[in-house]
Structure formats: C-alpha cells, structure tokens
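The lines below spell out each chain.
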Amino acid sequence: MTAETRRILLVEDEKAIRDAVAAYIEREGYWVTSVGDGQVAVEEFDKHRFDLIVLDLMLPGLSGEGVCRHVRDVSDVPIIMLTAKGEVEDRIIGLELGADDYLVKPFSPRELIARIRALLRRAHIESEPQREVLDFGHLVIDVSGHRVLVDDVDVDLTASEFKLLTTLSRYPGRVYSRMELVEKVLGYDFEGYERTIDSHVKNLRAKLGDDPRTPTWIFTVHGVGYRFDFPKGVSLGSDPDARQYLDVSRTIGAPSSPTDTR
Ligand code: CA
C-alpha cells in the first residue's frame, strides 16, 4: 500500500453485494475494508483512518443512520449512502445526517466508482493548503511570508497596502468597488473611508513602480474601483497548481481590456 492509496470503508450487510462492490473498488486501486453491520463499522472507523465511507442505510443492529451520526460527530469524511429503491424518505434522512451522496440500488459499479472519485477529488481540493505565493513574473507576492518583490527586489508595504495588493491579485481581472476594498482591506464599512482606498492605491502604485497612466498591474475602473491584472504572456511560475489557480480566477474576471489609465 502506497501513501497514495485511499482507504475506503464499505458497510453492507448483503454479502453478495458487499463482495461484488469490494472487488470492484479494489480493482480501481483503492484499499477496502468491508464490514457487514453498523456496530463493526463504527468500531473500524474509530480504529483506522478512512478517506471515504460507502454506507448501506438498512443494516442490522446499528443502522446506517446511526453510523452516519456517529461518524459526523467527529469527522467530515465523505459518505456515500446506499439505499433501496423507494426509500425516498430514508435518502433525505441520509443527506440531512450529513451523507455527501447516495446511490439507489440496484446501481452500476461504474456509477459508484465515479461518485467515489468525485468525492475524493473534492475532499482533496478542500484539504489543499492555500496557495502562498502569487507569481506574476516581474511581480511576486509571497502571501504567507508577507513579502512583495518587484524584479527580485523587496518592496516595503504597509499592512493595508499589502492587504490591498493580495486582495486584488488573488483574482486577476476581477473589479473591486472601493466599498468592497474598504471592507476587505480596512475591515470596516463606512462610506467616508472609500477615498482612503484611493490613497492606499496611490502609495501602493508608487512603491511597485506601477504608472497609473499606463498600469502594468493595478487598473482603475472609472466610477467603480480597481482591479489587478498582469501582462499577457507572463509565465505564471512552474507550479502547475498555481497555473490552474490563476486560469480559474481569470475565467470569473471582468473584461480584460484596460478601461482606464487614471
Ligand atoms: Ca441492507
């Protein structure tokens, strides 16, 4: 078993189904522990770490509902419920108890594997640590290290300027209103403070060497606020996750044409 192998707890009292599903999951490269009743499931869960649970709702002894309750008290591990046809209410109960997904019997093993994959992928993404370095080529922002470098030279920013820059640059292309920036950067919302954002932007631009008339990074959006962008063709670093992160953020951004050069 490698570190990459995900562990799945399968709880199903019908032996034929249990064996078939276990074999199928194993064939996909996962590590399976299969048990036939709820009490044993809870004991196994308490003893070992699992990445996902496939849980039949109707079980002898402790029901799937009871198992789900027990697990949810202590863990966010993804749970897929297996329910019999027509047990609509049971399905709703399962989801209300915190199951992530459900499958109605009879189901295709391929469908189950697809659901398992999707939930494991989601759980993995959610547990990923936040990106700590935003690399825009000439401009590098080390978010966790509270450092900003322009052409490899440290730029000394105040806490507000740093917060302003990281807020804008996390979503290149997205337009932030002054009001939004007041809330995010200064932490309060009071109309009179909107213009203080302008001063912060002015200082930040000066420190970064970003000319407001022909900006490279921080663009004014007239009548609204500001947005961050970076030159097209800039290599976004060697980290493929970083690339993906930035690609994603660009798709939700505003129109990319620089609307203004105040
Ligand atoms: Ca059952």
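Just so it is clear, the structure is predicted and the values come from calculations on it, not from any experiment.

Cut-offs used in this document
Residues numbered from 1 in each chain as written. Predicted model: local features only at pLDDT ≥ 70, side-chain atom pairs only at ≥ 80, totals over all residues. Helix = DSSP H or I, 4+ residues; strand = E, 2+ residues; numbered from the N terminus. Buried ≥ 20, exposed ≤ 12 C-beta atoms within 10 Å, placed from the backbone. Contact = placed C-beta atoms within 7 Å. Pairing = 2+ DSSP bridges. Axes fitted to C-alpha atoms, helices over the stretch in contact; angles between N-to-C directions.

### Comments concerning the overall build of the protein chain
Phase 1 of the analysis: Helices and strands together make up the secondary structure of the protein chain, namely 9 helices and 12 strands.
Phase 2 of the analysis: Evaluated residue by residue, the protein chain yields a buried proportion of 27% over its 262 residues.
Phase 3 of the analysis: Considering only contacts within the protein chain whose residues lie at least 6 apart along the sequence, 57% involve residues at least 24 apart.

### Quick look at unusual backbone geometry
Phase 1 of the analysis: That bond from Lys-105 to Pro-106 is cis: its omega, -5°, falls within 30 degrees of zero.
Phase 2 of the analysis: For Pro-106, the position within the fold is in the loop between strand E5 (101-104) and helix H5 (109-127).
Phase 3 of the analysis: One non-glycine residue, His-146, adopts positive backbone phi at about 55°.
Phase 4 of the analysis: Under the C-beta neighbour-count criterion, His-146 is labelled exposed, with 11 such atoms within 10 Å.
Phase 5 of the analysis: One non-glycine residue, Asp-152, lies in positive phi territory at about 70°.

### Quick look at the pairing of strand E12 (residues 225-228)
Phase 1 of the analysis: Of the pairings in the sheet, the one linking strand E10 (residues 175-177) to E12 comprises 3 bridges and is antiparallel in character. Within E12, the residue paired with Val-175 across the bridge is Arg-227.
Phase 2 of the analysis: A loop of 3 residues connects strand E11 (residues 218-221) with E12, the two strands running antiparallel in sequence, and Gly-223 in this loop sits at a positive phi of about 75°.

### Section: the sheet that holds strand E1 (residues 7-11)
Sheet strands associate in pairs through backbone hydrogen bonding, adopting either a parallel or an antiparallel arrangement.
Phase 1 of the analysis: A sheet is described by the order of its strands in space; here 5 strands give the open sequence E2-E1-E3-E4-E5, paired in parallel fashion. A strand with exactly one partner marks an edge of an open sheet, and here the two such strands are strand E2 (31-35) and E5. For this sheet, the mean angle separating the axes of adjacent strands, direction not counted, is 15°.
Phase 2 of the analysis: Note: strand E3 (residues 52-56) against strand E4 (residues 79-83), 4 bridges, orientation parallel. Within E4, the residue paired with Leu-55 across the bridge is Met-81.

### Some points on the sheet that holds E10
Phase 1 of the analysis: If you walk across this open sheet you meet the 3 strands as E10-E12-E11, and the pairing is antiparallel. Each end of this open sheet is capped by a strand with a single partner; those strands are E10 and E11. Within the sheet, the average angular offset between the axes of one strand and its neighbour, ignoring direction, is 30°.
Phase 2 of the analysis: Against the sheet, helix H7 (residues 178-186) engages E10 and E12, with an angle of about 80° to E10.

Remember, this is a structural readout, not a statement about activity or role.
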